[in-house]
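Chain by chain, the residues:
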Amino acid sequence: MKRCLWTTGRILMLLLIIVPGYYFHLLPVSSSSSSRTRLSIILQLSVTPSLLKIPPTRPRWPRPRPRPQPAPGPRARAPRTPLPTEPEPSMEADPAEVTLEAVERALHQLYYDLDMAQKTVAQKWLTAAQASPQAWHFCWALLGPDKSPEVQFFGASTLHLKIWRHWADLPAAQHEDLKVQLVAHVARFAAGPKMVLTRLCVALASLVLRTAPDAWPAAVPDLLTAVQAAEGGAGAALLELLTVLPEELQSGRLRPDRRGLLRAALAGQWPVICPLLRRLLRQTDSPARVKVRALGCLGSWAELDVSLGESEALLQDSFSALADPELFDAAVEAIVSVLAQPSCRRFVDVLVKLVSLVLGLQEQLRKAVQDGDMETSHGICRVAVALGETHCRTLLEQAEHWQDFQALVSMILFCTGIPGHYPVEETCSSLTLTFWYTLQDDVTSLEAGQQTLYLQAYRPVFFQLVDVLLHKSRFPGHQAYASWSAGDKEQFRIYRVDISDTLMYVYDFLGPELLRNMYDRLGRLVTDPELTAQWQDVEVLLFGFQSIAETEDVSYSDIIPGLIGLMPLIPVTSIQLADTLMFTIGSLGEWLADHPPMLTRVLPVVLRALSDPDLSVSSVSALKRICRECRRDLRPHAEDILAAAQEVLVQQIHKSAQCMWLMQALGFLLSAQPREEVLGQLFSLLGPSLQDLERLASEAPSSSNRPALLHILGLLTNLLSTFDARPLTETPSVMAPAVLGTSSRVDTHPVVELLQRFFPPIQDVISKWINDSQVVEAACAVFEKSLKNLLHGFGPLVDPLCELIGRMYAAVPRAPELDLSRQLFHIFHSEKCHLSSIRTLLELLTSVTLSIFQQVPREHPDIVDSFMQLHTQVLKKKAELYLLENLDIKALYYCGILSLKFPEKATLKSTCVFFTELLHRGEELPSVQEVLQQDGRMLLQVLLELEQRLGKETDPNRHGAT
């Protein structure tokens, strides 16, 4: 959405530039290359639908067409299909063929034919038939009593579609007849089938939204009267209609002003509906299914933000329904829907009464927990959290009722600490975590006087909460945990992440005292020989430290040195404990950077864990964070780190992803070492990889050596991605920009010497694997990362790399070559010693890409995107290059016009930026003025079509929606 809006803004800017500044005249066509390109582009634009699959005037992405749905089973609720749209012209049915008999034959084929191809044909034809004018007539015939439920369902769906999407086709004189017929059919189908009744109610709801409040101001009372007057199961039809009416308003595509008007009109009818629902709930002889529907209706209307004051009595009845197992689920949904509305805070007295009602559920909650009734405890927890979380600030401000609110907080704390492991034995505790954030945020935002009072009152509660959260974070025993499914383990992992976030918020409330409390407990567990602590007890305390240190500044804390001192003493008896220990060390990376002497306590722990494949992720992550934060202080430890890393790389202990992280850690480390030592360390580390790469480069491509090849290129890329080429102990002149157009290279950087050794085998690999996109992209990534870090220090490699890119792109054009060329141009465009190579490369890239535009550019949106970005960079940095004969700006202009027809947002954005820069260079480049005078009208037309297309995507109601 943001990208659509950004591109639309660019288009409007382009229109403002084009229209006032240029007159559009058609001039004779010359015989230049740009004219040939122009002719090719115009021909492609004229045959776009067949050649490029891009509609010339319609949006690339039509909205989803309705698909006739097979009728669900007798017990299933009729599906709510997405709002349909008109079918494409190619799907339009011949009006003469759209007869009742033809529709029924197609439905029979859709539902019962075993041939999927025939089903597809039938579905497309029926979709087109629904959009035809005849559908207004055959839909009623399909609803006849002699038709099957499937046929009736299709008739009701068609009726809904016609009302919602083809309302303008129905004359105003027939609106009243449609209303009468539809109400009569709703009453007739009141006894079922349920799926047809639901669809008819949706159609009637759409009719109300079409006509209310102007043409049908008393729609709701009229419908209540009409349906209640009907014989049979009027109650079911009435409740179904009342339920779908707000749902249709919420899901329908309406203009914001229209939606607001209808919302207010419907909410104004709530005083009429509320007594009806209450009467149905209070009637002792009402079937349970009717009460369930009444509760569902309440939940549906609550979304309209109806008055809580008018709903108070009905809400109390809903709380009473919680005692009935048959009504429990529906009552929970209804109550939560009402309480979730922020506008309820206007009715403070009602909210205070609701606190008492929620507290009255505590006995039912405790019994459900005792009996292991997860569904009941889950439902009551939802109700308590909905009230406390949505209206926390309002209830806090009621000082005279502080005891009731504190009792509600205690009830939610009980839900947080429900016994059992999540998610295997309980599912309630996760619902409460956002409440604790809301509570601490609201308390800390109160006025000073109230804040002090509540900080003292809730401090003990939050310390209790910490104990509960740490207990809930405990891993089960090894045997129990091994019996969990992979899905349960993943849910538990996510649950611990949520608890970690909650602990961070609690720390904002409790401050350093929380760290002191946890440190004292950990110290006793680790050092007291009389305590026989389980490993889970130690792990959860480390988990608590990690959760806080990840995001909070603990540099001032006086307990961190003691925590670091305890780490080597912790007996690691489980993988989970070792993992958490590694992550905790990593989270203290910034603190270690301020206290380098403490590195000697934790680095041996991390390096030992590095050789354990079970600790691959956590140990490599910890080492990477230490190398990133403490790189300036790691010189005494560099040899140990490099030796440990080289050992695990040679032994292939870690998976490929962790090897890449490890190389990033070493990149941080080596970039801070003295320059005279770096080259030797680089070759010591990567020497085996260079030998393997040379061997692979000499072999014929095969699927067996491809993974090893990608692995080596990945190692080199990740090392260079974090290697900060700016020297720490030398003057930065080597990395300074070029002065007076000469190369800034003073001496060769060690990374450049490394790349010079790797360049020949990489060149050989590319020549043999030129048709493998992944290998070529991996090779390009090596130079891209090094170029970003070395900047002007990359100079010695510019000329050979330009030659290599040219050969690659001429053989098989790809976007990475264009992106790499753009970076080269950005850095070295002003250096005269490299300008010739860069200009030659630019001419070759342009020539090859223009040939793509003259063929089938639609198949290469990534190339077009990168090509536009490349020439935008050239226009910004060195537009005078377009005065040369081999760079024809006119040809680029026509390529840009064709690019504006692409559906990809990234390509459109790049093209709009290109045209913006191009038009700003009009005074410098006479050829730009010429091409605008010749074909400016073409650009203007395409921009207007594009603006209209993107406008429909960002605002579906822009063109014709109600």
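Naming follows an unreviewed UniProt entry, where the chain appears as Importin-13 of Denticeps clupeoides. We quote the UniProt Subunit (unreviewed entry) comment for the chain here in full: "Interacts with UBC9, RAN, RBM8A, eIF-1A and PAX6." UniProt annotates the chain under Sequence similarities (unreviewed entry) with the comment "Belongs to the importin beta family."

Peer 1: It is not clear to me how unusual backbone geometry should be interpreted in this structure. Could you clarify?
Peer 2: Between G192 and the following residue, P193, the backbone shows a cis peptide bond with an omega angle of 0°. Mapped onto the elements, P193 comes out in the loop between α8 (175-188) and α9 (194-211). Look at the link from A212 to P213: it is a cis peptide, with omega at -5°. Among the secondary structure elements, P213 is positioned in the loop between α9 and α10 (219-229). Positive phi, close to 65°, is recorded for D305, a residue that is not glycine.

Peer 1: I keep staring at the packing of helix α39 (residues 798-811) against helix α41 (residues 832-853) and nothing clicks. Help me out?
Peer 2: A pair of packed helices is characterised by two quantities: the angle between their axes and the separation of those axes. Contact pair α39 / α41: the axes reach a minimum separation of 9 Å and the direction vectors enclose 10°. On the basis of their axis angle, the class for α39 and α41 is roughly parallel. Where α39 approaches α41, its residues V798, D799, C802, I805, G806, Y809 and A810 are matched on the opposing element by C833, H834, S837, I838, L841, L844, L845, V848, T849 and I852. Of the residues in the contact of α39 with α41, the class split is 12 nonpolar, 4 polar and 1 charged.

Peer 1: What exactly am I supposed to notice about the layout of surface pockets here?
Peer 2: Over the atoms, a rolled probe matching the size of one water molecule traces out where space is still vacant. For the second largest pocket, the calculated volume is near 600 Å³. If you go around the second largest pocket, you meet 22 residues; those closest to its centre are F475, R493, R496, V497 and F583. Of all elements in the fold, only α25 (486-510), α27 (535-549) and α29 (575-587) reach the threshold of two or more residues within the lining of the second largest pocket. Examining the composition of the lining of the second largest pocket, we find that 9 residues originate from one element, α25, more than from any other.

Peer 1: What should I look at first to understand the nonpolar core in this one?
Peer 2: Note that soluble globular proteins tend to have their nonpolar side chains buried in a common cluster. Ranked by internal contacts, the top residues of the largest apolar core, which has 309 residues, are L439 and F794. Top contributing element to this core by residue count: α9, with 12 residues. L439 has contacts with C392, L396, F405, V409, Y458 and F462, leaving out every residue within four places of it along the chain.

Peer 1: Would you mind showing me how to read helix α35 (residues 675-698) here?
Peer 2: Every α-helix carries 3.6 residues per turn, so stepping three or four residues along brings you back to the same face. With 24 residues, α35 ought to run about 34 Å at 1.5 Å a step, and its terminal C-alpha atoms sit 33 Å apart, in line with that. Along its length, α35 reaches its greatest deviation from straightness, about 55°, at L686, and the proline P688 lies no more than four positions downstream. Among all positions in α35, only R675, V678, Q681, L682, L685, L686, G687, S689, L690, L693, L696 and A697 are buried. Against the buried residues of α35 lie α33 (638-650), α34 (656-670), α36 (706-722) and α37 (750-768).

Peer 1: Any chance you could explain the side chain of T502 here in plain terms?
Peer 2: Within the secondary structure, T502 is located in helix α25. Filtering out sequence-adjacent residues up to four positions away, T502 remains in contact with L433, W436 and L469.

Peer 1: Looking at this structure, I do not really get the packing of aromatic side chains. What am I missing?
Peer 2: Think of a pair of aromatic rings as described by two things: how far the centres are apart, and how the planes are tilted against each other in angle. All told, the structure shown has 19 aromatic pairs when counted by the stated rule. An angle of 25° between the planes, with centres 4.4 Å apart, marks the rings of Y422 and Y495 as stacked. You can see Y422 sitting in the loop between α21 (402-416) and α22 (433-444) and its partner Y495 sitting in helix α25, a full 73 residues away along the chain. Grouping aromatic residues by their ring pairs yields a cluster made of Y422, F475, Y481, W484, F492, Y495 and W535. Taking NZ or CZ as reference, R210 lies 5.4 Å from the ring centre of W164, over its face. The residue whose ring lies beneath K489 is Y481, and the NZ or CZ to ring-centre distance is 4.9 Å.

Peer 1: Teacher, can you tell me more about the environment of L900 here?
Peer 2: Here L900 lies in the loop between α43 (889-899) and α44 (905-920). On a C-alpha basis, the gap between L900 and S910 in space is 9.5 Å, while along the polypeptide they are 10 residues apart.

Peer 1: In this structure, what is going on with the pattern of salt bridges? I would like to understand it.
Peer 2: Where charged atoms from two side chains of opposite charge come close, those side chains can pair. If you walk through the whole model with that rule in mind, you get 32 salt bridges. D819 serves as the salt-bridge partner of R822, at 3.1 Å between the closest nitrogen and oxygen. Of the two residues, R822 and D819 both sit in helix α40 (residues 815-828), 3 residues apart, roughly one turn of that helix. With a relative accessible area of 25%, D819 lands in the partly exposed category.

Peer 1: Which parts of the structure should I look at to understand the confidence of the model for the chain?
Peer 2: Note that predicted coordinates carrying low pLDDT should not be read in detail. On average, residues of the chain carry a pLDDT of 85, and 86% of them reach 70 or more. Note that pLDDT drops below 50 for residues 956-962; the model gives that stretch 18 contacts with residues more than four away or on any other chain.

Peer 1: Would you mind going over the state of the cysteines with me for this structure?
Peer 2: Working definition of a disulfide: a covalent bond connecting the sulfur atoms of two cysteines. According to the stated counting rule, one finds 0 disulfides in the structure shown. For the unlinked cysteine C381, the closest cysteine sulfur is that of C415, found at 3.9 Å. The thiol sulfur of C627 is not disulfide-bonded, and the nearest other cysteine sulfur, from C630, lies at 8.3 Å. Overall, the relative accessible area of 0% leaves C627 in the buried class.

Peer 1: What's the story with the packing of α22 against helix α23 (residues 448-472) in this structure? I'm lost.
Peer 2: Between α22 and α23, the shortest axis-to-axis distance is 10 Å and the interhelical angle comes to 155°. The orientation of α22 with respect to α23, classified from their angle, is roughly antiparallel. Every pair of crossing elements has a handedness; the one defined by α22 and α23 is left-handed. Between α22 and α23, the contacting residues are L433, W436, L439, Q440, V443 and T444 on the first element and Q451, Y454, L455, Y458, V461, F462, L465 and L469 on the second. Broken down by class, the residue content of the contact of α22 with α23 amounts to 11 nonpolar, 3 polar and no charged.

Peer 1: Explain the side chain of D772 here, please?
Peer 2: In this structure, D772 sits in the loop between α37 and α38 (773-790). Within the local environment of D772, its side chain forms a polar contact with the backbone nitrogen of V775, the two atoms lying 3.2 Å apart. The residues touching D772, leaving out its near neighbours within four places in the chain, are R706 and R814.

Peer 1: When you look at helix α12 (residues 256-267) in this model, what are you seeing that I'm missing?
Peer 2: Taking 1.5 Å of rise per residue, the 12 residues of α12 would be expected to cover 16 Å, and the 16 Å separating its terminal C-alpha atoms lies within 8% of that figure. Where α12 is concerned, the buried positions are R258, L262 and L266. Relative to the axis of α12, the buried residues are bounded by an arc of 65° and lie together on one face. Facing away from the buried side of α12 by more than 90 degrees, the exposed set consists of P256, D257 and A264.

Cut-off values and rules
Residues numbered from 1 in each chain as written. Predicted model: local features only at pLDDT ≥ 70, side-chain atom pairs only at ≥ 80, totals over all residues. Heavy atoms only, no water. UniProt positions renumbered as here; feature names shortened; annotations may be inferred. Helix = DSSP H or I, 4+ residues; strand = E, 2+ residues; numbered from the N terminus. Axes fitted to C-alpha atoms, helices over the stretch in contact; angles between N-to-C directions. Parallel < 35°, antiparallel > 145°, perpendicular 65-115°, else oblique. Contact = heavy atoms within 4.5 Å. Nonpolar A, V, L, I, M, F, W, Y, C, P; charged D, E, K, R; others polar. 1 Å grid on protein atoms, 1.4 Å probe; cavity = no way out; pocket = protein on both sides within 12 Å on 5 of 7 lines; lining within 4 Å. Points joined across faces, edges and corners; volume = space filled by probe spheres on them. Core = buried A, V, L, I, M, F, W, Y, C linked by side-chain atoms within 4.5 Å. Buried < 20%, exposed > 50% of the residue type's maximum accessible area, 1.4 Å probe, protein only. Expected span 1.5 Å × (residues − 1). Bend = angle between axes of the 7 residues up to and from the residue. Phe/Tyr/Trp six-rings, centres within 6.5 Å; stacked < 30°, edge-to-face > 60°. Lys NZ or Arg CZ within 6 Å of the ring centre and 35° of its normal. Salt bridge = Lys/Arg side-chain N within 4 Å of Asp/Glu carboxyl O. pLDDT = per-residue confidence, 0-100. Disulfide = S-S within 2.5 Å. Left-handed = near helix turned anticlockwise from the far one by under 90°. Polar contact = N/O pair within 3.5 Å; in protein donor to acceptor, adjacent residues only side chain to side chain. Arc of directions from axis to C-beta.

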